[in-house]
Amino acid sequence: MRPRSAIWLALGWVGFALLPWFAGSGTQPTLAPPAPGPAGSALIDGLTSGRWWLLPVALPLLLALAVTALPSLRARQPAALLAGGAFGLAWVAAQGFAIGLDGWAWGWLGALFGPLPLGQGGFGAGAALTALSFLFLMTNGFAGLGFMKGDRFTAGAIGLVLAAIAAFVFLPVGYVLSGAGDTGTGGFSAAALWTRLAAPDVWRLSCLTEAKSCGVVWNSVFLAVMTGIATTLLGLAFALVAVRTGFRAKKLLRVLTVLPIITPPFVISLAVILLFGRNGTVTLAMADWFGIPVSRWIYGLPGVLLTQTLAFTPISFLVMIGVVQGIGPSLEEAAQTLRASRWVTFRTVTWPLMRPGVANAFLISFIESLADFGNPLILGGNYEVLSTKIYFAVVGAQNDPGRAAALGIILLCLCLGAFWVQRQWLGKKSYATVGGKGDNGIPSQLPRGVKIAAYATALPWAAFTFVLYGLILFGGFTENWGRNNSLTLRHYLAAFDLSWGPGGLIWSGRAWGSLFTTIEVAALSAPLTAAVGLLTAYLLVRQSFKGRGAFEFLTMLSFAIPGTVIGISYILAFNQPPIELTGTVTILIVCFVFRNMPVSIRAGVAAMSQIDRSLDECSLTLGAGSVQTIRRVILPLLRPAIVASLVYSFVRAITSISAVIFLVSPKYELATAYIVGRVEQGDFGLAIAYSSALIVLMSVVIALIQFAVGERRIGRRTATPVTLQEKPV
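Reading the values: the criteria
Residues numbered from 1 in each chain as written. Predicted model: local features only at pLDDT ≥ 70, side-chain atom pairs only at ≥ 80, totals over all residues. Heavy atoms only, no water. Helix = DSSP H or I, 4+ residues; strand = E, 2+ residues; numbered from the N terminus. Buried < 20%, exposed > 50% of the residue type's maximum accessible area, 1.4 Å probe, protein only. Contact = heavy atoms within 4.5 Å. Areas by Shrake-Rupley, 256 points an atom, 1.4 Å probe, with all protein chains shown as cover. 1 Å grid on protein atoms, 1.4 Å probe; cavity = no way out; pocket = protein on both sides within 12 Å on 5 of 7 lines; lining within 4 Å. Points joined across faces, edges and corners; volume = space filled by probe spheres on them. Core = buried A, V, L, I, M, F, W, Y, C linked by side-chain atoms within 4.5 Å. Expected span 1.5 Å × (residues − 1). Salt bridge = Lys/Arg side-chain N within 4 Å of Asp/Glu carboxyl O. Axes fitted to C-alpha atoms, helices over the stretch in contact; angles between N-to-C directions. Parallel < 35°, antiparallel > 145°, perpendicular 65-115°, else oblique. Left-handed = near helix turned anticlockwise from the far one by under 90°. Nonpolar A, V, L, I, M, F, W, Y, C, P; charged D, E, K, R; others polar. Patch = residues over 30% accessible without salt bridge, like charges linked within 9 Å, V, L, I, M, F, W, Y side chains within 5 Å. Phe/Tyr/Trp six-rings, centres within 6.5 Å; stacked < 30°, edge-to-face > 60°. Lys NZ or Arg CZ within 6 Å of the ring centre and 35° of its normal. Disulfide = S-S within 2.5 Å. pLDDT = per-residue confidence, 0-100. Polar contact = N/O pair within 3.5 Å; in protein donor to acceptor, adjacent residues only side chain to side chain.

Caption draft 1: Inspection of the overall build of the protein at higher detail. Secondary structure assignment for the protein yields 32 helices and eight strands. Relative to its full complement of 729 residues, the protein shows a buried share of 53%. Of all intrachain contacts in the protein linking residues separated by at least 6 positions in sequence, the fraction that spans at least 24 positions is 73%. Carbon and sulfur atoms make up 66% of the accessible area of the protein, which amounts to about 32100 Å² in all.

Next up, the structure:
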């Protein structure tokens, strides 16, 4: 047996025989046999407490032990590990879902097998470790039989990602979507499903011929397309200015670019209203100076499009800057050597090599726009979209979870359809430009027209962002922003006051508790999100296996579901055995990891598509394994994607609201939930002050992440090239 298989077998026995099988026992791991009952291991509990269904877990462990100990059976070890791991994993899952706190979870099992003397709680450390060992024994068996070219790391990584997606995406979303055809009495009806899917207000096209609004599907698609185009162009413009021009204030430009992504919910919308609303600063100024009538134009499509473009442009920039940096100048130099002009070089060489970044940036913004509900909720007016329809179907007066589930299915199909279109546009072409040579040229200068367009797009938007955030920071120091602008510190003191008591320093401000919890959750979830996302990107780009396309689709599912649906689905799925997480900090971390993982995947895919496979092959030829190749060859070249993954996942863990609003508890309240509570009570000053403090905190963290990860070094010259005489081709 390979050492890894032996280790996982040993861990399986530890989880089965020594660790508490159920959660909530409060016992610490020990080598002494645990006591029977809820605190005991599966072995002791199955033998002494009547939970006989736990004992079959030992069968696959005994099988793996037999093929290891008996020389005559070692030739069949891979097949035995595959069969044993699959059976063990299936049995652990089946008995966990089939038996609940009061016995059988489904009535037909009780009718078939008779009542049980007692039930069981949620999985604990023993069950989790045993299931994990079965998973890796199964994948090791797959690799041993020749699948994945015998690479145990690749097989294990694919198995781990699929199992995690099944547990934390399929399972919870399945609870919600299964109710799309609910008849209201617990049954399922295809007619009820069709009625909800084909509702007139969902698909109405009367806006094309009458003065009526279109259905929510067409509204959502149009808004998402416009947002995707705007954010992708802005992200590309910022990336070109930051990488391919001599603009001197590049660092300031980067700060202004990422500011919107570190803004807590509703703050951008509130700032836009105070600028362009009916009584906004800009609106009143335009009325006084130019006689433009005061109106509510900001409420509807223009306002939502503006705020979504502000909010999602940083994501496009984080994806695009790594792609622009990774373009190998050797091809551009070859084109110029053949007397191609700068414009021809850009159009035929540079632009095609940026297609993965453009496609991934548009896809992310498109899906983010479809799933966003905070901005449409505040500025949508009569412009209805799917996300707000789902939200009001769940928490509004309708109280129709079935309608919310049906709309969730439509939203999921739209997102997956966009993903399919993106794959068709990229095709199977190679975009690798980072090879093994230490110096492959000097980046080509941008054509004059492209440079002017990039400056004309990026700089005004940066100036607008600067003004907007200046007003936001100013709002935290005013008594009542927009009405009484006298300066005060009372909002900051109410949130972050400190005092001294008999025992020392007292965190007396009302916001400290939620801030500490938020930082803890973000610090734990960000590295996990980046690790899982980049590992998945490595599997998608660097490994060839059957079902890779389906695997890639599955990784995008959590991103395609609105945050409100994710939050409700987690409550339904993880409020009962076998996985009980509701009310714990774990459910917040898990939600953030799998909600934000697709962005890490897309950033990793875009960056890794530029790295030539020959680098991997050279490393493997010299005897390095997959893990060593990833650590010493690929990761150093993925620094832009690592920064994008860490920054996005950390920031989204602090600023996300749609999913976690249903998952927070009095013990684990997050900053966004606290801010929303202040907004609902009309305490805008404290909400803006808290948001300003979070913006400063996240700016510092982003700088630390950039410093810790560092820049990608690919041995390229930075000297200004000698300009060749341009001749048209």
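Caption draft 2: Highlighting the layout of surface pockets. When its volume is computed, the largest pocket comes out at roughly 1200 Å³. Lining the largest pocket are 33 residues, and of these A128, A131, A167, F168 and I579 sit closest to its centre. Counting residues per element, the ones that place at least two in the lining of the largest pocket are α4 (77-98), α6 (125-144), α7 (152-177), α23 (512-542), β8 (579-580) and α27 (585-608). It is α7 that provides the largest number of residues to the lining of the largest pocket, a total of eight residues.

Caption draft 3: Region of the structure containing the environment of L353. For L353, the location among the structural elements is in helix α16 (residues 342-353). On the basis of relative accessibility, which here comes to 9%, the residue L353 falls in the buried class. Sequence separation of L353 and S609 is 256 residues, and the distance between their C-alpha atoms is 9.9 Å.

Caption draft 4: Inspection of the nonpolar core at higher detail. The biggest cluster of nonpolar side chains holds 174 residues, and the ones touching the most others in it are Y570, F594 and Y690. Take this core: its biggest share by element is 17 residues, from α27. Those residues in contact with Y570, other than ones at most four positions away along the chain, are F168, P172, N575, T582, I587, V590, C591, F594 and L663. A17, A42, L61 and L81 belong to the second largest nonpolar core, which has 22 residues in total.

Caption draft 5: Quick look at helix α17 (residues 355-371). Here α17 spans 24 Å end to end across 17 residues, near enough to the 24 Å set by a 1.5 Å rise per residue. The element α17 is largely enclosed, with a buried count of 16 among its 17 residues.

Caption draft 6: Expanded view of the pattern of salt bridges. Tallied over the full model, the rule gives six salt bridges. Residue D201 is joined to R403 by a salt bridge in which the shortest nitrogen-to-oxygen separation is 2.6 Å. Remark: R403 occurs in helix α20 (residues 401-426) and D201 occurs in helix α9 (residues 200-203); sequence separation between them is 202 residues. Since its relative accessible area comes to 12%, R403 is described here as buried.

Caption draft 7: Region of interest: the packing of helix α10 (residues 216-244) against helix α11 (residues 250-258). Taken N-terminus to C-terminus, the directions of α10 and α11 make an angle of 160 degrees; their axes are 10 Å apart at the nearest point. On the basis of their axis angle, the class for α10 and α11 is roughly antiparallel. Like other packed secondary-structure pairs, α10 and α11 cross with a definite hand, here left-handed. In this structure, α10 contributes F238, V241, A242 and V243 to the contact, and α11 contributes K250, L253, R254 and T257. Residue composition of the contact of α10 with α11, grouped by class: five nonpolar, one polar and two charged.

Caption draft 8: Representation of a nonpolar patch on the surface. Nonpolar side chains collect at one region of the surface, where L498, W500, L505, W507, F516 and I519 lie side by side and expose about 640 Å² of accessible area between them. Checked against the element boundaries, L498 lands in the loop between α22 (490-496) and β5 (499-501).

Caption draft 9: Fine view of unusual backbone geometry. Put simply, P577 and P578 share a cis peptide bond, and its omega is 10 degrees. You can see P578 is positioned in the loop between β7 (575-576) and β8.

Caption draft 10: Molecular detail of the packing of aromatic side chains. Evaluated as defined, the whole model comprises 24 aromatic pairs. Seen from their ring centres, W13 and F16 are 6.1 Å apart, and the 75 degrees between their planes marks the pair as edge-to-face. With a gap of three residues between them, W13 and F16 both fall in helix α1 (residues 3-17), about one helical turn apart. Between F238 and F317, the aromatic rings sit 6.4 Å apart at their centres with planes inclined by 80 degrees, giving edge-to-face as the arrangement. Residue F238 is found in helix α10, and its partner F317 is found in helix α14 (residues 301-326); the two are separated by 79 residues along the sequence. We classify F238 as buried; its relative accessible area is 2%. The exposure class assigned to F317 is buried, which follows from its relative accessible area of 3%. By way of ring pairs, the aromatic residues F496, W507, W512, F516, Y674 and Y690 are connected into one cluster. Looking at R296, its charged tip hangs above the ring of Y299, at a distance of 4.5 Å from the centre. The side chain of R678 reaches across the aromatic face of Y674, ending 5.3 Å from its centre.

Caption draft 11: Seen up close, the side chain of T232. Mapped onto the elements, T232 comes out in helix α10. You can call T232 buried: its relative accessible area is 7%. Other than its neighbours up to four places away in sequence, T232 contacts S316, V358, A361 and F362.

Caption draft 12: Examining the state of the cysteines more closely. Inspection of the entire model under this criterion finds zero disulfides. Just so you know, C415 is unpaired, no disulfide at all, and the nearest cysteine sulfur is the one on C413, 9.3 Å from it.

Caption draft 13: Focus on the packing of α23 against helix α24 (residues 548-555). Where α23 contacts α24, the axes come no closer than 10 Å and their chain directions differ by 155 degrees. Here α23 lies roughly antiparallel to α24, going by the angle between them. The two elements α23 and α24 meet at a crossing, and its hand is left-handed. Contact with α23, carried on its side by T536, L539, L540 and V541, involves R548, F551, E552 and T555 of α24 and no other residues of that element. Of the residues contributing to the contact of α23 with α24, the split by class is four nonpolar, two polar and two charged.

Caption draft 14: Molecular detail of the confidence of the model for the protein. Taken over all residues, the pLDDT of the protein has a mean of 81, while the share at 70 or more is 89%. The low-confidence segment residues 430-436, where pLDDT is below 50, has 29 contacts with residues more than four positions distant or belonging to other chains. Throughout residues 719-729 the model reports pLDDT below 50, and contacts reaching past four residues in sequence, or to other chains, amount to 17 contacts.

Caption draft 15: Broad picture of the environment of S569. Mapped onto the elements, S569 comes out in helix α26 (residues 563-573). Apart from residues no more than four positions distant in its own chain, S569 is found in contact with P172, V173 and V176. In this structure the side chain of S569 is engaged in a polar contact, spanning 2.7 Å, whose partner is the backbone oxygen of I566.

Caption draft 16: How the structure looks around helix α21 (residues 448-475). The end-to-end C-alpha distance of α21, which contains 28 residues, comes to 40 Å, matching closely the 40 Å that a straight helix rising 1.5 Å per residue would cover. Among all positions in α21, only V450, A454, A458, W461, A462, F464, T465, L468, Y469, I472 and G475 are buried.

Caption draft 17: Quick look at the environment of F136. Looking at the element boundaries, F136 is found in helix α6. Placed 23 residues apart in sequence, F136 and G159 show a C-alpha to C-alpha distance of 7.6 Å. Not counting chain neighbours up to four residues away, the residues in contact with F136 comprise W8, G156 and L160.

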